[in-house]
Amino acid sequence: MMKAHFSHVDTWVFDLDHTLYPPHMTLFDQIEVRMTAYVMNALGVDRDRADYLRGHYWRTHGTTLAGLMREHDVDPAPYLTDVHDIDFTVLSPDPSLRHAITALPGRKIVYTNGCEPYARNVLEARGLSDVFDTVYGVEHADFHPKPDAAAFDKVFALDGVTPKTAAMFEDDPRNLSVPHSLGMRTVHVAPAPIPQPHIEHHTDDLTTFLQRIRA
């Protein structure tokens with residue numbers, strides 16, 4: 001049954017954080033600490049205010065960076081270098097996930113709101129470096145973040161994605177709305193389901209889900 005839902009798919013688009021590694025590995029926790037510190041220094045506010053703004057900008061603009069750029073004209077390049085200067089040893093290789101992704105027919109890409117160098121560090125730590133055809137970061141979308149439609153339009157045009165024969169895997173349900181509207185198959189990867197009209201499938205185990213597609 002599951003295989004039939006994905007029989008038309010020839011392009012597989014994966015988010016990175018909390019999608020290609022589980023939340024319990026706490027990699028993004030390090031990034032959040034560094035984002036708060038960056039907001040403190042960039043805006044001259046205390047830690048509590050910076051932590052609030054970090055979350056507020058994420059909720060309002062899609063990412064903390066987008067809020068800093070739109071409301072404070074912050075240069076994205078130093079920000080992305082700084083917040084991704086973290087310890088990747090908290091991640092571990094996942095041979096089963098590697099095999100499940102490799103077995104998918106067609107093109108496989110990563111599309112993240114982080115930057116490409118950071119994404120490649122994550123993939124290396126997970127043993128997935130040579131699994132994907134290419135990796136797109138927020139810089140490839142002219143720093144428009146998911147869930148903005150402009151971000152998807154830019155990256156999908158750059159890659160030549162045909163949405164009606166593509167699937168999107170994401171931990172953030174907001175980021176599946178535009179893909180669904182474009183005709184993509186949408187999969188929410190998270191510990192718990194969040195019923196939404198634009199979410200067609202949910203899984204708390206990406207490897208098993210992908211194996212079921214190929215079964």
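Report on the accompanying structure.

Rules and cut-offs
- Residues numbered from 1 in each chain as written.
- Predicted model: local features only at pLDDT ≥ 70, side-chain atom pairs only at ≥ 80, totals over all residues.
- Heavy atoms only, no water.
- Phe/Tyr/Trp six-rings, centres within 6.5 Å; stacked < 30°, edge-to-face > 60°.
- Buried < 20%, exposed > 50% of the residue type's maximum accessible area, 1.4 Å probe, protein only.
- Helix = DSSP H or I, 4+ residues; strand = E, 2+ residues; numbered from the N terminus.
- Lys NZ or Arg CZ within 6 Å of the ring centre and 35° of its normal.

### What to know about the packing of aromatic side chains
Item 1. This structure, assessed with the given rule, holds 10 aromatic pairs.
Item 2. Judged by centre distance (6.1 Å) and plane angle (20°), the ring pair of Phe6 and Trp12 falls under stacked.
Item 3. Of the residues examined, Trp12 reaches a relative accessible area of 1% and is grouped as buried.
Item 4. Their ring planes at 55° and their centres at 5.7 Å tell us that Phe152 and Phe156 sit as a pair that is tilted. Here Phe156 and Phe152 lie together in helix α8 (residues 149-159), a separation of 4 residues that amounts to about one turn.
Item 5. Taken together through their ring pairs, the aromatic side chains of Phe6, Trp12, Phe14, Phe132, Phe169 and Phe209 make up a single cluster.
Item 6. Against the face of Tyr111 rests Lys146, its NZ or CZ located 4.7 Å from the ring centre.
Item 7. Lying over the aromatic face of Phe6, Arg185 brings its terminal NZ or CZ to 5.9 Å of the ring centre.

### Describing unusual backbone geometry
What is expected of a backbone is that most residues other than glycine have negative phi and most peptide bonds are trans.
Item 1. Following Lys146, the chain continues into Pro147 via a peptide bond in cis, with omega recorded as 15°.
Item 2. Inspection of the secondary structure assignment puts Pro147 in the loop between β3 (134-136) and α8.
Item 3. Of note, His18 is a non-glycine position whose phi angle comes to about 65°, a positive value.
Item 4. With respect to the helices, strands and loops of the structure, His18 is situated in the loop between β1 (11-14) and α2 (27-43).
Item 5. Accessibility expressed as a relative area gives 22% for His18, which makes it partly exposed.
Item 6. A positive phi is found at Asp142, a non-glycine position, where the angle reads about 55°.

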